[in-house]
There are 2 protein chains.
Amino acid sequence: MKPSTSIQDYLKRIYELTENGSPASTNDLARELNIKPASVTGMIQKLANEKPALLEYQKHQGVTLTSAGKKAALEVIRHHRLLETWLVQTLGYSWDEVHEEAERLEHVISEDFERRIAAALGHPLRDPHGELIPTADLKMPLDDSTPLSALRKNQTGKILCIKGADADLLRHLDELGLTPNAMIEVTDYSPFDHNLTIKVEKKTHVLGLSVTSKIFIEQK
Amino acid sequence: MKPSTSIQDYLKRIYELTENGSPASTNDLARELNIKPASVTGMIQKLANEKPALLEYQKHQGVTLTSAGKKAALEVIRHHRLLETWLVQTLGYSWDEVHEEAERLEHVISEDFERRIAAALGHPLRDPHGELIPTADLKMPLDDSTPLSALRKNQTGKILCIKGADADLLRHLDELGLTPNAMIEVTDYSPFDHNLTIKVEKKTHVLGLSVTSKIFIEQK
DNA sequence: AAAATAATTTAGGCAAGGCTAAATTTTACA
DNA sequence: TGTAAAATTTAGCCTTGCCTAAATTATTTT
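The structure displayed is predicted, hence computed values, not measured ones.

Caption draft 1: How the structure looks around the relation of the copies chain A and chain B. Mapping chain A onto chain B calls for a screw motion: a turn of 180° about the axis and a shift of 0.0 Å along it, with 0.0 Å RMSD after fitting. The superposition of one copy onto the other is thereby described by a two-fold rotation axis. Among all residues of chain A, the one whose C-alpha sits closest to the rotation axis is Leu105 of chain A, at a distance of 3.5 Å. Interface overlap between copies: 100% of the residues of chain A at the interface are likewise at the interface in chain B, consistent with a symmetric, same-surface contact.

Caption draft 2: Representation of the domain arrangement of chain A in the model. The domain architecture assigned to chain A consists of domain 1 (5-65) and domain 2 (146-219). One C-alpha centre belongs to domain 1 of chain A, the other to domain 2 of chain A, and the line joining them spans 33 Å.

Caption draft 3: Fine view of the protein's contact with DNA strand D. Not every one of the 21 residues close to DNA strand D is listed here, only the nearest: Ser4 of chain A together with Asn27, Gln45, Tyr57 and Lys59 of chain B. Here Thr26 of chain B contributes a side-chain N or O atom positioned 2.8 Å from a phosphate oxygen of DNA strand D. In the environment of DNA strand D, a phosphate oxygen lies 3.1 Å from a nitrogen or oxygen atom belonging to the side chain of Thr41 of chain B. Among the secondary structure elements, those contributing two or more residues to the surface near DNA strand D are helix H1 (5-17) and helix H3 (37-48) of chain A together with helix H2 (26-33) and helix H3 (37-48) of chain B. Partitioned by chemical class, the residues of the surface near DNA strand D number eight nonpolar, ten polar and three charged.

Caption draft 4: Highlighting the protein's contact with DNA strand C. Near DNA strand C, the surroundings consist of 21 residues, among which Gln45, Tyr57 and Lys59 of chain A together with Ser4 and Ser39 of chain B are the closest. Of everything in DNA strand C that lies within 4 Å of the protein, sugar and phosphate atoms constitute 82%. Separating a phosphate oxygen of DNA strand C from a side-chain N or O atom of Thr26 of chain A is a distance of 2.9 Å. Between a phosphate oxygen of DNA strand C and a side-chain N or O atom of Gln45 of chain A, the distance comes to 2.4 Å. Looking at the surface near DNA strand C, the elements with two or more residues in it are helix H2 (26-33) and H3 of chain A together with helix H1 (5-17) and H3 of chain B. Across the surface near DNA strand C, the residue classes break down as eight nonpolar, ten polar and three charged.

Caption draft 5: Quick look at H3 of chain B. Here H3 of chain B is twelve residues long and its end C-alpha atoms lie 16 Å apart, about the 16 Å a rise of 1.5 Å per residue gives. Packing partners of the buried residues in H3 of chain B comprise H1, H2, strand S1 (55-57) and strand S2 (63-65) of chain B.

Caption draft 6: Region of interest: H1 of chain B. With 13 residues, H1 of chain B extends 18 Å between its outermost C-alpha atoms, agreeing within 8% with the 18 Å of an ideal straight helix rising 1.5 Å per residue. The complete set of buried residues in H1 of chain B reads Ile7, Gln8, Asp9, Tyr10, Leu11, Lys12, Arg13, Ile14 and Tyr15 of chain B.

Caption draft 7: Highlighting the packing of aromatic side chains. Taken as a whole and assessed by the stated rule, the structure comprises two aromatic pairs over all chains. An angle of 80° between the planes, with centres 5.6 Å apart, marks the rings of Trp86 of chain A and Phe113 of chain A as edge-to-face. Of the two residues, Trp86 of chain A sits in helix H4 (residues 67-91) while Phe113 of chain A sits in helix H6 (residues 111-120), which places them 27 residues apart along the sequence. Taken as a pair, Trp86 of chain A and Phe113 of chain A share a single burial class, namely buried. Counting every residue linked through ring pairs, the aromatic cluster contains Trp86 and Phe113 of chain A together with Trp86 of chain B. In this structure, Arg152 of chain A is placed above the aromatic ring of Tyr189 of chain A, and the distance from its NZ or CZ to the ring centre is 3.8 Å.

Each value, and the rule that gives it
- Residues numbered from 1 in each chain as written.
- Chains lettered and ligands numbered in written order.
- Predicted model: local features only at pLDDT ≥ 70, side-chain atom pairs only at ≥ 80, totals over all residues.
- Heavy atoms only, no water.
- Least-squares fit on C-alpha atoms with pLDDT ≥ 70 in both.
- Contact = heavy atoms within 4.5 Å.
- Domains from an automatic or database assignment.
- Near = heavy atom within 4 Å.
- Polar contact = N/O pair within 3.5 Å; in protein donor to acceptor, adjacent residues only side chain to side chain.
- Helix = DSSP H or I, 4+ residues; strand = E, 2+ residues; numbered from the N terminus.
- Nonpolar A, V, L, I, M, F, W, Y, C, P; charged D, E, K, R; others polar.
- Expected span 1.5 Å × (residues − 1).
- Buried < 20%, exposed > 50% of the residue type's maximum accessible area, 1.4 Å probe, protein only.
- Phe/Tyr/Trp six-rings, centres within 6.5 Å; stacked < 30°, edge-to-face > 60°.
- Lys NZ or Arg CZ within 6 Å of the ring centre and 35° of its normal.

Below, the structure is given as structure tokens:
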């Protein structure tokens, strides 16, 4: 049976927190979900003890998803990213506005709806932020991007994705022309503070690590 | 604060059941909501005792909406009907498929989303079934339609609305060409069983009262 | 290695929103 | 008009999913 909205949120966050390979901690999960750590413990204990478990959990060791849990998480993430793409393309939402709306819609659309928007959009590979959209058979495509922070003087690339930016930063990046598909050239690098000087569309900007680590590039 | 999904459903059904002027009974409401009558009693008692009450209720006398309750109901109904229109026009849903999808989406879309689809659709007056869409300031437009069952031989009209038909009947009516905007001519009337013989697009059909009372007409 | 701090879990509680069974009204009808 | 049937309400219970406070376990620091 389809997981509840709450459980879908748990799975989605656990998926994100475990992308680095290590289990998700109770605390981190609580922060991401805006609920108390004690509540998280209760929920993951319940989920770990169900018949076909969606996740695995040992006291004090954090949580990981089973493959069933991963599928369920990817379903939600696919919904989210298709919805963001669709809202931007058909209703004129800007990329810093769509997140909240998609966050609610992702839990209630049917598989039929998912198929229809995917088809209407031409089965896109990435959403408006450049995040990869899980495929219809619920696999996450391989990510071949590198963070902008890894580039050095005279290297160039195309922006693929902006990760983990809030609406404010997104608006700011938009003003600078730092959106997916923009071409970037690194004109200087400061080894002290890791600042990068870059050129986008004739304009030059100096960016700190907190920004350059959120911009992902296809290196040229 | 925005009512919960459950409460929104109560309000919507009560609105529909009280459109005839009389209060909605516990039983009817339970049937429409697919829950037990005892549960309905509990919920409406709670709602009737809140600070700014959404509904009025006296034991054994049924429920009616306050004007605040009506507004809240019309908001949900507006969402539903705009969504149905939107899904049909932009995603190719057929009019017998949209209901379920809209039933879930209506509770989670933002006012911003509502405005965007209303504008994209050109602020439509009716949804795909012909039902009137409450206005942005939450008033239900006047309904000047008459049931097809009230027409007699040689009278003609345009179909405005199909009310209370399930998906099966909707598909059937679609096949007969009995959809909103179709022009109809009554070629015969049987006072015994109230059957009407009608002509739509060169074809003739005989319809019983169970159907003719669900088709609403703008009389010519 | 002990003490302090941080993270996590346990225990007990609460609100929402359902359900069943039993009691009470209301309505219908003989 | 009295009684049976139907509708409604009451009472008590359950699950979901969150909370707080207190207890426990891990991790740091000294």
